[in-house]
Amino acid sequence: MSPSLFNFVDAKDKFTASARNALIGKTSKPLVNAFNQFPGHEAEKKTTFDQALRGVLGDQIVEQKANCDEYLSLIYLSIDAVTEGICSATTPFLLLGDVLDCLPLDQCDRIFSFVEKNVSTWKSNSFYTAGKNYLLRMCNDLLRRLSKSQNTVFCGRIQLFLARLFPLSEKSGLNLQSQFNLENITVFNKNEQESTLGLKHTEEKEDGMEVEEGEMGEDDAPAPCSIPIDYNLYRKFWTLQDYFRNPVQCYDKFSWMTFLKFSEETLAVFKSFKLDDMQASKRKLEELRASGEDVYFAKFLTNEKLMDLQLSDSNFRRHILLQYLILFQYLKGQVKFKSSSCVLHDDQSAWIEETTKLVYQLLKEIPPDGDKFATMVEHILNTEENWNGWKNEGCPSFVKERTVDDKPKRPTRKRQAPEDFLGKGPDAKIFMGNDELTRLWNLHHDNMDACKSDSREFMPSLDEFFTEAIEQADPTNMVEDEYKVVRNPNYGWRALRLLSRRSPHFFQPTNQKFKSLADYLDSMVSKLAKELPKDIPSEEIKTGEEDDDDNGDNLLKDSNDSPSIQSKMVTNQQMDDLAAKLGAEWKALASHLEMKAAEMREIETDSEDVDMQAKLLLVAWQDREGAQATVESLVAALNSAGFSQIADCLNEA
């Protein structure tokens, strides 16, 4: 029997009726009962339930009889429905978006207060992932409807809500590149001919400038302004706002000169004409605090008639001085995305340091509570330095995840000692705890014998080492003393070690006194220059340490004892060239060098590069054969393996 089809219309009607009953009773039980009683797939019922809730909200908005409380009651029901698992997690956000799109701004303020209070709900696991993009879109839609100058507080609340909702490391909400709001242009009168400053005006009442009844008493009337204001001061003062808007201009030489001149005149006015701590100002401030209001400047009023009142206002002065401190912090700070040309000169840095001290002093002198306000500003700006450093580091997350191992750790020995570790396994291979160390340790079955191999004789002969010094000592070459190799301390140290092993002159007593090592080496080079061309052999000098050798080994070696063997030993350069020519065909040569299959597998394990595998084959052969690893034996192996051309090249070399 085929399953019955889901009846969307009946389900929506039943869920709509249950939603209305739930609104009346202010409980989600009717919703849960209706959801559980209706037959059908759970996903289909959830989708229908979402549509029913949006339909109820749409009816409330169309009828225009509901108030904000009823809208919020429905949204609360949707949150409970998500918790009960009978509704999609996105439904509360869709309802919020529908409400805010249809209500005027004054009612949107109340709805947004609900959104702010429930920020902990939106950040929970059930809602955050599903609703963060909806909330972001909803807030951006609200910001487009609001005026930054008329609805400044509402705009700020939205920004603060987004800051609380998203984590600090959310880069979409950060000004990573330190960009400025260049659209914030302060408009003022730039035509001196139209200026009315300096003229006598009759009392006028302009739109928006009437004094409300009871706002100012006789005692509260402001005293006539004693600050001499002309058009030049007015123009220079408001021109500074363009530098606060776009601080990058200060790095330009000519713009900096203008900023410097205008700033000095403005700060001179602030310094010369200080504000009195009038009782009227205190009473007005206390009234504002009691009423819960605050003083802020959403947009500057640049009318010339207001200039004297603005300069006499303590909050206005604090606002301007704070702009200076923020500008100076940007100019001195290390910002990751600053251009390489944005660098202050020494005179600019010195002026900024002096002016910063002056600004803080002026802030302390502005009533009321000047010292307290200046200290608070300094603390906030110091904190801002930490945020700048955090942004320069790429905004790393503040949350450090702790790695938790659910499985209990079994007690183990500090050092495992299996059979292979002791070299008693089938391959007698000793494991050193690291692949590279294991490979190096097992290159030879007896490392002490490998170290004594003739192929590891790295000591040069006297004529090789001192050839350059002898040439420089020849007066015909006209080499200055400071450029001679004997003046190099590193060369001198190596020369002494070599002379102690190969030259009999090193231990011969002498009455000569040498001021420096270079002078001693000059004397030795002169002696060697006379002896070496006559083929006088250079010998290792036997010291008293070898007298105690139990085996009686004679460690005196003549550098020319076995010239045939030395000339026939395979050099590293020859092995590098041969490995490059063999490449992937190195296995054909391995059998003729009597390499075992286990050794060949080990070579393949040590490196994936065929050239390196060929080089490892030759090194293993050389370590095994020791003094018998001659060019003749290698040429014979190459010929028998069919590499006659490579053998000929090796013979020629």
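Owing to the predicted nature of the structure, the values given are computational and were not obtained by experimental measurement. (Residues numbered from 1 in each chain as written. Predicted model: local features only at pLDDT ≥ 70, side-chain atom pairs only at ≥ 80, totals over all residues. Heavy atoms only, no water.)

1. A look at the overall build of the protein chain
Now for step 1: A count of helices and strands for the protein chain gives 28 helices and 0 strands.
Now for step 2: In the protein chain, which comprises 653 residues, the share counted as buried stands at 34%.
Now for step 3: Long-range pairs, those at least 24 residues apart, make up 70% of the contacts in the protein chain with a sequence separation of at least 6.
Now for step 4: When the accessible surface of the protein chain is summed, it comes to about 42600 Å², and 50% of that surface belongs to carbon and sulfur atoms. (Helix = DSSP H or I, 4+ residues; strand = E, 2+ residues; numbered from the N terminus. Buried < 20%, exposed > 50% of the residue type's maximum accessible area, 1.4 Å probe, protein only. Contact = heavy atoms within 4.5 Å. Areas by Shrake-Rupley, 256 points an atom, 1.4 Å probe, with all protein chains shown as cover.)

2. Focus: a nonpolar patch on the surface
Now for step 1: A cluster of nonpolar side chains, contributed by Met432, Leu437, Leu440, Trp441 and Leu443, occupies part of the molecular surface with about 440 Å² of accessible area.
Now for step 2: Among the secondary structure elements, Trp441 is positioned in helix H17 (residues 435–441).
Now for step 3: Given the relative accessible area of 43%, Trp441 is considered partly exposed. (Patch = residues over 30% accessible without salt bridge, like charges linked within 9 Å, V, L, I, M, F, W, Y side chains within 5 Å. Salt bridge = Lys/Arg side-chain N within 4 Å of Asp/Glu carboxyl O.)

3. Remarks on the packing of helix H6 (residues 105–117) against helix H9 (residues 152–165)
Each packed pair of helices is defined by two parameters, the angle between the axes and the distance between the axes.
Now for step 1: Axis separation between H6 and H9 bottoms out at 11 Å; the angle between their running directions is 25 degrees. Looking at the two axes, H6 sits roughly parallel to H9. Where H6 crosses over H9, the handedness of that crossing is left-handed. When H6 is examined against H9, the residues Leu105, Cys108, Asp109, Phe112, Ser113, Val115 and Glu116 are found in contact with a partner set consisting of Phe154, Arg157, Ile158, Phe161 and Arg164.
Now for step 2: Residues of the contact of H6 with H9, tallied by class, amount to 7 nonpolar, 1 polar and 4 charged. (Axes fitted to C-alpha atoms, helices over the stretch in contact; angles between N-to-C directions. Parallel < 35°, antiparallel > 145°, perpendicular 65-115°, else oblique. Left-handed = near helix turned anticlockwise from the far one by under 90°. Nonpolar A, V, L, I, M, F, W, Y, C, P; charged D, E, K, R; others polar.)

4. Observations concerning the confidence of the model for the protein chain
Now for step 1: For the protein chain, the mean per-residue pLDDT works out to 80, and 81% of the residues sit at or above 70.
Now for step 2: Here helix H22 (residues 563–568) is the element of the protein chain with the lowest mean pLDDT, 46, and helix H15 (residues 346–365) is the one with the highest, 95.
Now for step 3: Note that pLDDT drops below 50 for residues 200–224; the model gives that stretch 14 contacts with residues more than four away or on any other chain.
Now for step 4: A low-confidence stretch, residues 534–567 (pLDDT under 50), is modelled with 25 contacts involving residues beyond four sequence positions or located in other chains. (pLDDT = per-residue confidence, 0-100.)

5. With respect to helix H28 (residues 644–652)
Now for step 1: Those residues of H28 that fall on the buried side of the exposure criterion are Ile646, Ala647 and Leu650. Axial view of H28: buried residues confined to an arc of 100 degrees, hence all on one face. Along H28, the residues that are exposed and aim more than 90 degrees away from the buried face are Gln645 and Glu652.
Now for step 2: Buried residues in H28 make contact with helix H23 (572–582) and helix H27 (631–641). (Arc of directions from axis to C-beta.)

6. Quick notes on the state of the cysteines
Now for step 1: Taken as a whole, this structure holds 0 disulfides when the rule is applied.
Now for step 2: Here Cys102 is not cross-linked by a disulfide; its sulfur's nearest cysteine counterpart is in Cys108, at 9.2 Å.
Now for step 3: Look at Cys102 and you get partly exposed, because its relative accessible area is 46%. (Disulfide = S-S within 2.5 Å.)

7. What to know about the environment of Gly131
Now for step 1: Along the polypeptide, Gly131 turns up in helix H8 (residues 128–145).
Now for step 2: Expressed as a C-alpha distance, the spacing of Gly131 and Thr91, which sit 40 residues apart in the sequence, is 8.9 Å.

8. Some details on the packing of helix H25 (residues 597–606) against helix H26 (residues 610–625)
Now for step 1: The N-to-C vectors of H25 and H26 enclose an angle of 140 degrees; their axes lie 9 Å apart at closest approach. The angle between the axes of H25 and H26 places the two elements in the oblique class. The handedness of the crossing between H25 and H26 comes out as right-handed. Side by side, H25 and H26 meet where Ile603, Glu604 and Asp606 of the first sit next to Gln613, Leu616 and Leu617 of the second.
Now for step 2: By residue class, the composition of the contact of H25 with H26 is 3 nonpolar, 1 polar and 2 charged.

9. Points about the nonpolar core
Now for step 1: Counting 55 residues, the largest nonpolar core has Phe49, Val115, Trp122 and Phe161 as its most contacted members.
Now for step 2: Ranked by residues supplied to this core, first place goes to helix H4 (residues 68–84) with 9 residues.
Now for step 3: If we skip the residues at most four places from it in the chain, Trp122 touches Ile79, Phe93, Leu96, Phe114, Val115, Phe127, Tyr128, Leu135, Phe161 and Leu165.
Now for step 4: Core analysis: the second largest hydrophobic core is formed by 47 residues, Leu233, Leu275, Phe316 and Ile352 among them. (Core = buried A, V, L, I, M, F, W, Y, C linked by side-chain atoms within 4.5 Å.)

10. Some remarks on the pattern of salt bridges
Now for step 1: The final tally for this structure, using the stated rule, is 15 salt bridges.
Now for step 2: One salt bridge connects Arg157 with Glu116, and the closest N-O pair in it is separated by 2.8 Å. Here Arg157, found in helix H9, pairs with Glu116, found in helix H6; they are 41 residues apart in sequence, far enough to count as distant. For the pair Arg157 and Glu116, one class covers both residues: buried.
Now for step 3: As a salt-bridge pair, Arg439 and Glu436 come within 2.7 Å of each other at their nearest N and O atoms. Of the two residues, Arg439 and Glu436 are both situated in helix H17; the distance of 3 residues between them amounts to about one turn of the helix.
Now for step 4: In this structure, a network of salt bridges that share partners links the residues Asp109, Glu116 and Arg157.

11. A look at the side chain of Lys484
Now for step 1: For Lys484, the location among the structural elements is in the loop between helix H19 (462–473) and helix H20 (489–502).
Now for step 2: Assessed through its relative accessible area of 14%, Lys484 is described here as buried.

12. Some words on unusual backbone geometry
Now for step 1: Look at the link from Pro367 to Pro368: it is a cis peptide, with omega at -5 degrees.
Now for step 2: Take Pro368: it is sitting in the loop between H15 and helix H16 (370–392).
Now for step 3: The residue Cys395 is not glycine, and still its phi comes out positive at about 55 degrees.
Now for step 4: Within the element layout of this structure, Cys395 appears in the loop between H16 and H17.
Now for step 5: A residue is classified by how much of its surface remains accessible, and Cys395, at 4% relative accessible area, is buried.
Now for step 6: You will see that Glu594, though not glycine, has its phi angle at about 60 degrees, which is positive.
Now for step 7: Within the secondary structure, Glu594 is located in the loop between helix H24 (586–590) and H25.

13. Regarding the environment of Phe6
Now for step 1: Within the secondary structure, Phe6 is located in the segment before helix H1 (8–25).
Now for step 2: Note on Phe6: relative accessible area 23%, which makes it partly exposed.
Now for step 3: Along the primary structure Phe6 and Glu44 are separated by 38 residues, whereas in three dimensions their C-alpha atoms are 7.8 Å apart.
Now for step 4: Sequence-distant contacts of Phe6, defined by excluding residues within four places in its chain, comprise Ala11, Phe38, Pro39, Gly40, Glu44, Lys45 and Thr48.

14. Digging into the environment of Leu74
Now for step 1: Residue placement: Leu74 occurs in helix H4.
Now for step 2: Along the backbone, Leu74 and Lys26 are 48 residues apart, and their C-alpha atoms lie at a distance of 9.0 Å.
Now for step 3: Those residues within four positions of Leu74 in sequence are excluded, and the remaining contacts are Leu23, Leu53, Val56, Leu57, Gln60 and Leu95.

15. Details of H19
Now for step 1: Between the first and last C-alpha of H19 there are 15 Å, a value that for 12 residues agrees with the 16 Å anticipated at 1.5 Å per step.
Now for step 2: Listed in full, the buried residues belonging to H19 are Leu462, Phe465, Phe466, Ala469 and Gln472. Mapping the buried residues of H19 onto a view down its axis gives an arc of 120 degrees, with all of them on the same face.
Now for step 3: Those residues of H19 that are buried are in contact with H20 and helix H21 (517–531). (Expected span 1.5 Å × (residues − 1).)

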